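# Coordinates in review
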Amino acid sequence: MTQRMILINSPFFFSEERVKTVADWSEVFGNSAPLSLEIGCGTGHFIVERARRNPHRNYLAIDIFNRGCHKTCRKLEDEGISNVRVVRAEARHFLSHHIRPASLGEIFINCPDPWPKKRHRRRRLVSAEFLPLMDFALRADGDFYFSSDVADYARDVAHLLSEHPGYGPAHAAPLLNELPDYPRSKYMLRSLEQGGPMYFVHFRRQARNVEVAPPLVGPGFRVNWATSCP
Ligand SMILES: C[S@@+](CC[C@H](N)C(=O)[O-])C[C@H]1O[C@@H](n2cnc3c(N)ncnc32)[C@H](O)[C@@H]1O
């Protein structure tokens, strides 16, 4: 069943068209505060709370899901939070077209689509192919946060990052069951309520010792537009 597209009129919202007009995110925010990105913000539970606790940072929240973008904007408006902009975009396309090199201080990915079947795992967002995009966008000392209730996805991500040059775990262990002061997303809350464990990966970029060209992400890139949160 195809869901009806909702017209989003929020001043916080950047459609695929509007985002093309952005040359520099600091101009959009009207300040040069550090910039963070949440990929797959869903209905906005996490980013609204994270932004509320950190008013001196700027946040981009992106999702391919129109209804999720709408709900996130509504939360921001209802709660009077002004340091977030919501973009309807595909993550890999957004990172390679709308983010300047070394401009992000934080990247968050919470409960991404798990693709549990073995033959579908190559569709997972965080993979070896994703890392060059992160290398391009994240500044030195930048933080990468990943959470999932799917143990093997979280283990794979912790392993990928451990093997990837220039990054190190921000805590004693690469894989954790709790991250202090980390706001809950809707999917996290659902998993915790059902009694399931959560897995967190938090790595820090140690240095930008190489200049990284933006990886080419072409129109043929596979996006599962049918993916959606309720
Ligand atoms: C399982 S939901 C989790 C939502 C939210 N992060 C949470 O934890 O409650 C995954 C979200 O990621 C979005 N998503 C999946 N693939 C994406 C991609 N390639 N680029 C941007 N968003 C994506 C989906 O539309 C969906 O809203």
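Quantities reported herein were computed from a predicted structural model and do not represent experimental measurements. (Residues numbered from 1 in each chain as written. Predicted model: local features only at pLDDT ≥ 70, side-chain atom pairs only at ≥ 80, totals over all residues. Heavy atoms only, no water.)

## Remarks on the overall build of the protein chain
- Within the protein chain, the regular secondary structure consists of seven helices and eight strands.
- The burial tally for the protein chain puts 50% of its 230 residues in the buried class.
- Taking all contacts inside the protein chain whose residues are at least 6 apart in sequence as the whole, residues at least 24 apart take part in 79%.
- Element-wise, carbon and sulfur atoms account for 52% of the exposed surface of the protein chain, whose accessible area totals about 11,500 Å². (Helix = DSSP H or I, 4+ residues; strand = E, 2+ residues; numbered from the N terminus. Buried < 20%, exposed > 50% of the residue type's maximum accessible area, 1.4 Å probe, protein only. Contact = heavy atoms within 4.5 Å. Areas by Shrake-Rupley, 256 points an atom, 1.4 Å probe, with all protein chains shown as cover.)

## Describing the sheet that holds strand S5 (residues 104-110)
- Taken in spatial order, the eight strands of this open sheet run S1-S4-S3-S2-S5-S6-S8-S7, and their pairing is mixed. Edge positions in the sheet fall to strand S1 (13-14) and strand S7 (167-169), since each has one partner strand and no second.
- The pairing of S5 with strand S6 (residues 138-148) spans six bridges and is classified as parallel. For Phe108, the partnering residue across the bridge sits in S6 and is Tyr145.
- The sheet strands contacting helix H4 (residues 91-98) are strand S2 (35-39), strand S3 (58-63), strand S4 (84-88) and S5, and the helix crosses S2 at an angle near 155 degrees. (Pairing = 2+ DSSP bridges. Axes fitted to C-alpha atoms, helices over the stretch in contact; angles between N-to-C directions.)

## So, the state of the cysteines
- Inspection of the entire model under this criterion finds zero disulfides.
- Sulfur of Cys41: no disulfide; nearest cysteine sulfur belongs to Cys69 and is 5.4 Å away.
- Here Cys73 stays free of any disulfide, with the sulfur of Cys69 as its closest cysteine sulfur at 6.7 Å.
- The buried category is assigned to Cys73, whose relative accessible area is 1%. (Disulfide = S-S within 2.5 Å.)

## Notes on H4
- Judged by how many residues are buried, H4 sits mostly within the fold: six of eight residues are covered.
- Every buried residue belonging to H4 is among Ala91, Arg92, Phe94, Leu95, Ser96 and His98, and all of these are buried.
- If you follow the buried residues of H4, they end up packed against helix H1 (25-29), S2, S3, S4, S5 and helix H5 (131-137).
- Between the side-chain oxygen of the N-cap and the backbone nitrogen of Arg92 there are 2.8 Å, and the N-cap of H4 in question is Glu90. (Polar contact = N/O pair within 3.5 Å; in protein donor to acceptor, adjacent residues only side chain to side chain.)

## Remarks on the site of the ligand
- Close contacts around the ligand come from 17 residues, with Gly40, Asp63, Glu90, Asn110 and Ser185 the closest.
- Ile64 places a polar main-chain atom, nitrogen or oxygen, 3.5 Å from a nitrogen atom of the ligand.
- At 2.8 Å from a nitrogen atom of the ligand is found a main-chain nitrogen or oxygen belonging to Asn110.
- Contact with the protein chains removes 94% of the 590 Å² of surface that the ligand exposes when unbound.
- Its residues assigned to classes, the shell around the ligand shows seven nonpolar, five polar and five charged. (Near = heavy atom within 4 Å. Nonpolar A, V, L, I, M, F, W, Y, C, P; charged D, E, K, R; others polar.)

## A closer look at the UniProt feature "binding site: S-adenosyl-L-methionine" (unreviewed entry) in the protein chain
- UniProt annotation of "binding site: S-adenosyl-L-methionine" (unreviewed entry) refers to Glu38, Asp63, Glu90 and Asp113 when read in the numbering used here. In three dimensions, the annotated residues from a span of 76 residues occupy one location, with a maximal C-alpha spread of 14.3 Å.
- Note on Glu90: relative accessible area 10%, which makes it buried.
- There is a polar contact of 2.8 Å between the side chain of Glu90 and the backbone nitrogen of Arg92.
- Of note, Asp113 is situated in the loop between S5 and H5. (UniProt positions renumbered as here; feature names shortened; annotations may be inferred.)

## Quick word on the pattern of salt bridges
- One pass over the full model with this rule turns up 14 salt bridges.
- Where Arg124 meets Asp152, a salt bridge forms, and the shortest distance between an N and an O atom there is 3.0 Å. Highlighted residues: Arg124 in the loop between S5 and H5 and Asp152 in helix H6 (residues 151-163), separated in sequence by 28 residues.
- Classification of Arg124 as buried rests on a relative accessible area of 4%.
- As a salt-bridge pair, Asp143 and Arg204 come within 2.7 Å of each other at their nearest N and O atoms. In this pair, Asp143 sits in strand S6 while Arg204 sits in strand S8 (residues 199-205), placing the two residues 61 residues apart along the sequence.
- Exposure remark for Arg204: the relative accessible area of 35% places this residue in the partly exposed category.
- Sharing partners across several salt bridges, the network here consists of Glu49, Arg52, Arg53 and Glu79. (Salt bridge = Lys/Arg side-chain N within 4 Å of Asp/Glu carboxyl O.)

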